[in-house]
Amino acid sequence: MPGFGLSFGVMISYLGLIVLLPLACLLWKASGLGIGAFWDIVSTPRVLAAIELSFGAALIAALVNAVFGLIIVWVLVRYEFPGRPLLDALIDLPFALPTAVAGIALAALFADTGWIGALLAPLGINIAFTRWGVVVALIFVGLPFVVRTIEPVLRDLEREQEEAALSLGASRVQSYARVVLPSILPALLTGVAMALARGAGEYGSVIFIAGNVPGKSEILPLLIVIKLEQFDYPGAIAIAVVMLAISFVMLLSLNLLQAWSRLRHES
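Summarised in this report is the structure supplied together with it.

Criteria and thresholds
Residues numbered from 1 in each chain as written. Predicted model: local features only at pLDDT ≥ 70, side-chain atom pairs only at ≥ 80, totals over all residues. Heavy atoms only, no water. Helix = DSSP H or I, 4+ residues; strand = E, 2+ residues; numbered from the N terminus. Expected span 1.5 Å × (residues − 1). Bend = angle between axes of the 7 residues up to and from the residue. Axes fitted to C-alpha atoms, helices over the stretch in contact; angles between N-to-C directions. Left-handed = near helix turned anticlockwise from the far one by under 90°. Contact = heavy atoms within 4.5 Å. Core = buried A, V, L, I, M, F, W, Y, C linked by side-chain atoms within 4.5 Å. Buried < 20%, exposed > 50% of the residue type's maximum accessible area, 1.4 Å probe, protein only. Parallel < 35°, antiparallel > 145°, perpendicular 65-115°, else oblique. Salt bridge = Lys/Arg side-chain N within 4 Å of Asp/Glu carboxyl O.

1. Remarks on helix α10 (residues 172-200)
Now for step 1: With 29 residues, α10 extends only 36 Å from end C-alpha to end C-alpha; this falls clearly short of the ideal 42 Å at 1.5 Å per step.
Now for step 2: Helix geometry: α10 is bent most strongly at L181, by close to 55 degrees, with proline P182 lying one to four residues after it.

So, in structure tokens, the structure goes:
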């Protein structure tokens with residue numbers, strides 16, 4: 001195609017400067033630690049607990065957003081009702097709201113004296129300053145990624161196939177499961193991948209509601225910041241490399257699953 005060489009060269013140069021060069025510097029710094037020192041840093045119980053919490057909470061939040069994000073998208077696209085533009089605008093609020101403000105608001109809401117926390121406390125359910133507070137914060141910041149990724153696909157989806165399925169005797173649930181869902185599945189996986197990546201690296205909205213207890217409610221980005229504040233640069237670099245490696249494998253797996261789903265749908 002005309003102009004491919006120039007545009008491809010600009011793309012590679014820009015990505016190399018903005019993305020690959022910083023990551024290469026990080027890996028180069030980590031290579032100076034040695035395998036033994038690197039393993040001693042990343043295999044401590046505190047680091048392992050932070051890895052489990054960060055990626056485990058991000059996965060749970062992404063799956064929750066996948067379910068409820070589908071419901072929200074369906075309502076926004078398929079129905080007209082009073083207040084719909086306001087609800088549509090609220091979906092994007094986590095994009096514009098500073099993460100620290102979101103964390104403070106969630107902590108105040110889910111604390112034992114908050115509106116929701118006060119209702120849950122008599123039942124023995126504590127959200128704020130626990131591991132579940134991390135999940136709540138990641139659900140909040142990840143929801144727009146799922147909704148906005150699926151919305152244009154569902155909006156452009158032709159309804160003739162749904163109507164044909166209904167005319168052949170399929171129920172609403174069967175029509176959705178066999179016609180609509182396979183068509184929007186690649187977009188859904190993309191939204192889940194974006195929410196998962198955002199959740200794994202989220203910092204500002206989590207630290208105010210997590211409690212930040214080492215080994216229990218301490219996330220991996222916070223541990224990196226603590227290492228930097230203590231001038232433990234080798235420790236921060238080693239943890240950052242582990243986080244980078246896990247994120248890359250996780251996103252690569254989701255992208256391969258998305259490509260497989262798209263090819264299966266097209267065939």
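More follows now that the structure is in view.
2. Comments concerning the packing of helix α3 (residues 45-78) against helix α4 (residues 84-91)
Now for step 1: Running from N to C, α3 and α4 point in directions that differ by 145 degrees, and their axes come no closer than 11 Å. Considering the relative orientation of α3 and α4, their crossing is left-handed. Of the residues in α4, those in contact with I72, L76 and V77 of α3 are R84, L87, D88 and I91.

3. Looking at the nonpolar core
Now for step 1: Core analysis: the biggest nonpolar cluster contains 62 residues, and V134, L138 and L220 have the highest contact counts within it.
Now for step 2: Looking at this core, the elements that each hand over two or more residues are α2 (35-42), α3, α6 (99-110), α8 (131-156), α10, α11 (204-210), α12 (220-229) and α13 (233-266).
Now for step 3: Here this core gets 14 residues from one element, more than from any other, and that element is α3.
Now for step 4: When residues no more than four places from it in sequence are discounted, the contact partners of V134 are L53, A57, V206, A210 and I219.

4. Overview of the side chain of T149
Now for step 1: Mapped onto the secondary structure, T149 falls in helix α8.
Now for step 2: Exposure remark for T149: the relative accessible area of 17% places this residue in the buried category.
Now for step 3: Beyond its immediate chain neighbours, meaning those up to four positions away, T149 contacts A187, T190, G191 and M194.

5. A closer look at the packing of α6 against α8
Between two packed helices, what matters for the description is the angle formed by their axes and the separation of those axes.
Now for step 1: Contact geometry of α6 with α8 gives a least axis separation of 11 Å together with a crossing angle of 130 degrees. It follows from the interaxial angle that α6 and α8 lie oblique. In the packing of α6 onto α8, the handedness of the crossing is right-handed. Across the interface between the two elements, A102, L106 and F110 from α6 touch V136, A137 and F140 from α8.

6. With respect to the pattern of salt bridges
Now for step 1: Under the counting rule described, the total for this entry stands at seven salt bridges.
Now for step 2: With a shortest N-O distance of 2.7 Å, E218 and R46 are connected by a salt bridge. Highlighted residues: E218 in the loop between α11 and α12 and R46 in helix α3, separated in sequence by 172 residues.
Now for step 3: Judged by relative accessible area, E218 falls into the buried class, the value being 3%.
Now for step 4: If you follow the salt bridges from partner to partner, you end up with D88, D92, R148, E151 and R155 in one network.

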